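Tertiary structure, described
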Amino acid sequence: MSTKKLSKTDAPSNITNNEKKLKNGDFIISKTDTKGKIIYCNEIFAEMAGYSAADLIGANHNLIRHPDMPRIAFKVAWDLIKSKKEFFGLVKNLMKDGGYYWVFAYITADLNASGSIISYTSVRRKPPQSAIDTIIPIYKLLTDAEKRGGMDASLKLLQSFLAEHKTSYEQFVIDLQKGATI
Ligand SMILES: Cc1cc2nc3c(=O)[nH]c(=O)nc-3n(C[C@H](O)[C@H](O)[C@H](O)COP(=O)(O)O)c2cc1C
């Protein structure tokens, strides 16, 4: 039996427009090591992503990274969680069959008794449709900016968007989850 773990190169290239909706009240949970390799996931994660739990354990979390997600979103996430702060965000994830599902994600660092980061945990639930509808064009602007000018360009765009709306990234995302629109 092969012990080779799945990696980004095993992700589907046949991206489709088929959306799977997370059920109200369902939670997708995963835990990674400090590098983002999955060390635990619940059954709902496996079911939504379309892999077996055994396939997911040991794989890098970027296996389910969707190309419509701007890189800056993950940079914001890693910068926050590495400094032991919480991350909230709207994430479009890629399923094994090329489809996708949207989540409202929370990621946080797990600390040992001396305060060092030993792993990360993420819990996701279903976002309101209004949050998805609001974030889609914003992520499109950010991914387009990245194609032209990399993450410097998307960071500038994100900062000017937040300044224009007189909000912080965290507040903006939490407001979206509460049903706010812009
Ligand atoms: C606990 C945890 C959960 C994560 N969950 C996801 C996820 O659901 N989808 C995703 O695309 N990236 C997730 N990430 C971020 C990935 O580690 C990675 O940064 C992202 O997929 C972008 O990968 P890339 O920079 O290799 O393209 C998670 C990271 C951590 C630490």
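Up top is the structure.
Residues numbered from 1 in each chain as written. Predicted model: local features only at pLDDT ≥ 70, side-chain atom pairs only at ≥ 80, totals over all residues. Heavy atoms only, no water.

This brings us to the pairing of strand β2 (residues 38-41). Sheet topology places strand β1 (residues 28-32) next to β2; three bridges connect them, and they run antiparallel. The residue of β2 that forms the bridge with T32 is I38. (Pairing = 2+ DSSP bridges. Helix = DSSP H or I, 4+ residues; strand = E, 2+ residues; numbered from the N terminus.)

As a further point, take the pattern of salt bridges. Considering all chains together, one arrives at six salt bridges under this definition. We note a salt bridge from D68 to K92, for which the minimum N-O separation is 2.7 Å. On the criterion of sequence distance, the pair formed by D68 in the loop between α2 (53-56) and α3 (71-82) and K92 in strand β3 (residues 87-94) is long-range, its members being 24 residues apart. One salt bridge connects D79 with K75, and the closest N-O pair in it is separated by 2.7 Å. Note that D79 and K75 are positioned in helix α3 at a spacing of four residues, about one turn of the helix. On the basis of relative accessible area, K75 is assigned to the partly exposed category, the value being 35%. One network of salt bridges, with partners in common, ties together K140, D144 and K147. (Salt bridge = Lys/Arg side-chain N within 4 Å of Asp/Glu carboxyl O. Buried < 20%, exposed > 50% of the residue type's maximum accessible area, 1.4 Å probe, protein only.)

On to the pairing of β1, then. Only one face of β1 is covered, namely the one carrying I28, S30 and T32; the face carrying I29 and K31 has none of its residues buried. By the bridge criterion, five bridges tie β1 to strand β5 (residues 117-125) in an arrangement that is antiparallel. Looking across to β5, one finds that I29 is bridged to V123. As consecutive antiparallel partners, β1 and β2 are separated by five residues, and within that stretch G36 has a phi angle of approximately 95 degrees, a positive value.

This part takes up helix α5 (residues 169-177). For α5, every residue scored as buried is listed here: Y169, F172, V173, L176 and Q177. Down the axis of α5, the sector holding all buried residues measures 135 degrees, keeping them to one side. Backbone geometry just after α5 places G179 at a positive phi near 105 degrees. (Arc of directions from axis to C-beta.)

Inspection of the region around the ligand gives 14 residues, with N62, R65, W78, N93 and R124 positioned closest. Measuring from an oxygen atom of the ligand, one finds a side-chain N or O atom of N62 at 2.8 Å. Contacts to the ligand include R124, whose side-chain N or O atom sits 2.9 Å from a nitrogen atom. Its free accessible area being 610 Å², the ligand has 83% of it covered by the protein chains. Going through the elements one at a time, α3 and β5 are the ones with two or more residues in the shell around the ligand. Per-element accounting of the shell around the ligand gives the leading share, four residues, to β5. Across the shell around the ligand, the residue classes break down as six nonpolar, six polar and two charged. (Near = heavy atom within 4 Å. Polar contact = N/O pair within 3.5 Å; in protein donor to acceptor, adjacent residues only side chain to side chain. Areas by Shrake-Rupley, 256 points an atom, 1.4 Å probe, with all protein chains shown as cover. Nonpolar A, V, L, I, M, F, W, Y, C, P; charged D, E, K, R; others polar.)

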